[in-house]
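Listed below, chain by chain, are the residues.
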Amino acid sequence: MTHEIRPLIPVPRLSVQDQERIYKKLMEEKPKPVASVQNGFYRIDAQLILQSTTPEYRSFLRDAGYGNVDINSHLDIAKSMLRIDQNVRDAAARSGITFLITDDNNYVVKISQTNARKLVESLGYRLLTTDLMYSLFIPYIKDLAQKDDAEAKATLDEMVNTKAEWLEDLILDKNKLKIGAKEKAIILPQTDGRFDKTDINQFGYPSAVKDSGEFIYSFPGSDKIAAIRFLNSKLSLNLYREPSSGYNWLGVRLTKLGI
């Protein structure tokens, strides 16, 4: 039997101008948040990620070794805080964590931020950064919850009433951001207060605080702290816990950039 050999059809290459035009159109179109939950993770597409972050911040994450947001097609964020199972136990053993403490609902708790990062990385994930939490995930979840989405309502309820969570960010000397191998001098308010999404700078922190606002901000309490998304109706950004500390109300959420 002979097979017909067909000539390959060349795939046209887009010009730089066409690529820029497509990118501009993508950025101008406002995406409509739709809950896409796969295997316990929300899948947030690239368009919303790009619109919620700045080029400078994405470059910072790339240089820090966190991930190259510009080339990833989506971000997976766990619907619920991490609970213990055999995979989690095995990951703890691989990362040198000799024991894990859980509460009555099997949430992983009383884990330091240092060990939390080791644990999630052993599982193949990361913690959310402050900017990905406050500029992307919280607005995404709140928008869906306001549209009466049951999955988002459950996630928001857990965030408000059940567990705070460690974030990826370290704050050094009260005005320096550290993620992975990268440090960046930033200006942080040195007083407690409140802020809105419009007050957030490109790194996820308020440029200033005020008497009223969507979120509560607690300023850095020492020269080395880890950022926390706190549990209350204001989903506070707390900067007063050291990365070596652990509490029963403080847990872990998994996230991963996907191709």
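Residues numbered from 1 in each chain as written. Predicted model: local features only at pLDDT ≥ 70, side-chain atom pairs only at ≥ 80, totals over all residues. Heavy atoms only, no water.

A. Spotlight on helix H7 (residues 150-161). Between its first and last C-alpha, H7 extends 16 Å over 12 residues, near the 16 Å set by a 1.5 Å rise per residue. When we look at burial in H7, the residues that qualify are Ala152, Thr155, Leu156, Glu158, Met159 and Val160. Where H7 is buried, its residues meet strand E2 (41-45), helix H6 (130-146), strand E6 (164-172) and strand E11 (224-229). The residue sitting at the N-terminus of H7 and contributing the capping side-chain oxygen is Asp149; that oxygen lies 3.1 Å from the backbone nitrogen of Glu151. (Helix = DSSP H or I, 4+ residues; strand = E, 2+ residues; numbered from the N terminus. Expected span 1.5 Å × (residues − 1). Buried < 20%, exposed > 50% of the residue type's maximum accessible area, 1.4 Å probe, protein only. Contact = heavy atoms within 4.5 Å. Polar contact = N/O pair within 3.5 Å; in protein donor to acceptor, adjacent residues only side chain to side chain.)

B. Representation of unusual backbone geometry within the structure. Positive phi, close to 70°, is recorded for Asp148, a residue that is not glycine. One non-glycine residue with positive phi stands out, namely Lys174, at about 70°. Take Lys174: it is sitting in the loop between E6 and strand E7 (176-179).

C. A look at the sheet that holds strand E1 (residues 37-38). The antiparallel open sheet is built from 4 strands, whose spatial order is E1-E2-E3-E14. Among the strands making up the open sheet, the edge pair consists of E1 and strand E14 (255-258). Note: E2 against strand E3 (residues 74-78), 5 bridges, orientation antiparallel. Of the residues in E3, the one forming a bridge with Arg43 is Asp76. Its contacts with the sheet place H6 against E2 and E3, and it is angled at close to 110° to E2. (Pairing = 2+ DSSP bridges. Axes fitted to C-alpha atoms, helices over the stretch in contact; angles between N-to-C directions.)

D. Spatial organisation of the environment of Asn72. By the element assignment, Asn72 lies in the loop between helix H3 (55-64) and E3. Asn72 sits in the buried class, given a relative accessible area of 9%. Once the C-alpha coordinates of Asn72 and Leu257 are considered, the two residues, 185 residues apart in sequence, prove to be 6.4 Å apart. Looking at Asn72, its side chain comes within polar contact range of the main-chain oxygen of Gly258, at 3.3 Å.

E. Expanded view of the packing of H6 against H7. H7 packs onto H6 with a crossing angle of 125° between their chain directions and a minimal axis gap of 8 Å. On the basis of their axis angle, the class for H6 and H7 is oblique. The element H6 and its partner H7 pack so that their crossing is left-handed. For the pair H6 and H7, contact is made by Met133, Phe137, Ile138, Ile141, Lys142, Leu144 and Ala145 and by Ala152, Lys153, Thr155, Leu156 and Met159, respectively. Its residues assigned to classes, the contact of H6 with H7 comprises 9 nonpolar, 1 polar and 2 charged. (Parallel < 35°, antiparallel > 145°, perpendicular 65-115°, else oblique. Left-handed = near helix turned anticlockwise from the far one by under 90°. Nonpolar A, V, L, I, M, F, W, Y, C, P; charged D, E, K, R; others polar.)

Functional significance is not addressed by these values, which are geometric in nature.
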